[in-house]
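Structure assessment
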Amino acid sequence: MPKDLDLTLFKKDAFFSRYPKRKVYNIYGGDPLCFKGIDDLLILLVDADIKVRLWINGGQFESVYEGLLPYVSEWVFYVPIPDVNQYNALVGESGWDTLINNLDYFKKIGQVFALNYKVTSSNIIYLPEMYEMAHSYGVKLYLHYDPKQFFDSESLRYIDRFRRVKEVDVYRVRSYGNQSCLGYPGEVIADWFQVLKNRMAW
């Protein structure tokens, strides 16, 4: 979410005079559900026939999601690591339980969602578990990584092999830069060449 987003822009003409109109908006930034104007923004975008992909961390209560369900085309849950102990060490003692409860809830109500995994040299060993987690829910898995973070070609080949797996999208990120959400693959999601490579791999 833009840090300087002015709430007075929540009128269609004013908003799209500042932000370009596209078929899909990717909304991210920490957890955008913490932004006080998120409901107004989603309503504005949906009224303009724009699909919304919302990148979240999955740490909210069900009641936070319920009112926004009609306005989001795809929810993308960031999973920094698919290990209960290490996950809780990163996000808090009951973080894993909250995430799983939310994933179970979204599956139960038939909401479209996906899992998002930033592959690093320290968590690459958990790639099979990450894939199994997504597969168990029957949802897409977004994998993304900066190749400069890896020093051996075998690791890079291992990651790219997942490109041949259905319902897995693999993106090479040139740089995560200084963006506010390091779990978001940024510009590559809008890179149609990379999107095409994933579709051809199927």
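Residues numbered from 1 in each chain as written. Predicted model: local features only at pLDDT ≥ 70, side-chain atom pairs only at ≥ 80, totals over all residues. Heavy atoms only, no water.

Below, the discussion takes up the packing of aromatic side chains. Summed over all chains, the structure comprises 16 aromatic pairs. Centroid distance Trp-55 to Tyr-142: 5.5 Å. Interplanar angle 45 degrees. Geometry classified as tilted. Here Trp-55 is found in strand E2 (residues 51-56), whereas its partner Tyr-142 is found in strand E5 (residues 140-145), with 87 residues between them in sequence. Classification of Tyr-142 as buried rests on a relative accessible area of 4%. Ring pairing ties together the aromatic residues Tyr-65, Trp-75, Phe-77, Tyr-105, Phe-106, Phe-113 and Tyr-137, which thus form one cluster. The residue whose ring lies beneath Lys-21 is Phe-16, and the NZ or CZ to ring-centre distance is 5.6 Å. (Phe/Tyr/Trp six-rings, centres within 6.5 Å; stacked < 30°, edge-to-face > 60°. Helix = DSSP H or I, 4+ residues; strand = E, 2+ residues; numbered from the N terminus. Buried < 20%, exposed > 50% of the residue type's maximum accessible area, 1.4 Å probe, protein only. Lys NZ or Arg CZ within 6 Å of the ring centre and 35° of its normal.)

The next point concerns the nonpolar core. In terms of nonpolar packing, the biggest core is built from 51 residues, with Leu-45, Trp-75, Phe-77 and Leu-115 touching the most fellow members. The residues touching Trp-75, leaving out its near neighbours within four places in the chain, are Leu-33, Leu-54, Ile-56, Tyr-65, Leu-68, Leu-69, Phe-106, Gln-111, Val-112, Phe-113 and Ala-114. (Core = buried A, V, L, I, M, F, W, Y, C linked by side-chain atoms within 4.5 Å. Contact = heavy atoms within 4.5 Å.)

Of all residues in the protein, 82% have pLDDT values of 70 or greater, and the mean over the chain is 85. Between the elements of the protein, mean pLDDT differs from a low of 57, seen in helix H8 (residues 192-201), to a high of 97, seen in helix H6 (residues 127-137). (pLDDT = per-residue confidence, 0-100.)

Note that Asn-116 resides in strand E4 (residues 113-118). With residues near it in sequence (within four places) discarded, Asn-116 still touches Trp-55, Val-76, Phe-77, Tyr-78, Val-79, Tyr-142, His-144, Gly-183 and Pro-185.

To continue, consider the sheet that holds E5. Reading across the sheet, the 6 strands line up as E1-E2-E3-E4-E5-E6 and stay open at both edges, with parallel pairing between neighbours. Of all strands in the sheet, those bounded by a partner on one side alone are strand E1 (24-27) and strand E6 (168-172). Neighbour to neighbour, the strand axes of the sheet diverge by 20 degrees on average, direction disregarded. Where E1 meets E2, 4 bridges bridge the pair, whose relative direction is parallel. If you follow Asn-26 over to E2, its bridge partner there is Arg-53. (Pairing = 2+ DSSP bridges. Axes fitted to C-alpha atoms, helices over the stretch in contact; angles between N-to-C directions.)

Turning our eyes to something else, we now look at the packing of helix H5 (residues 95-109) against H6. For the pair H5 and H6, the least separation of the axes is 10 Å and the interaxial angle reads 35 degrees. Side by side, H5 and H6 meet where Trp-96, Leu-99, Ile-100, Leu-103, Asp-104 and Lys-107 of the first sit next to Met-133, Ser-136 and Tyr-137 of the second. In the contact of H5 with H6, the residues fall into 6 nonpolar, 1 polar and 2 charged. (Nonpolar A, V, L, I, M, F, W, Y, C, P; charged D, E, K, R; others polar.)

In terms of burial, E2 is a largely internal element, 5 of the 6 residues being buried. Since E1 and E2 lie parallel, the crossover through helix H2 (residues 38-47) that links them has a hand, and here it is right-handed. In this sheet, strand E3 (residues 74-78) lies alongside E2 in parallel orientation, the contact comprising 4 bridges. Residue pairing for E3: Trp-55 is matched across the bridge by Val-76. (Right-handed = clockwise from strand over helix to strand, strands pointing away.)

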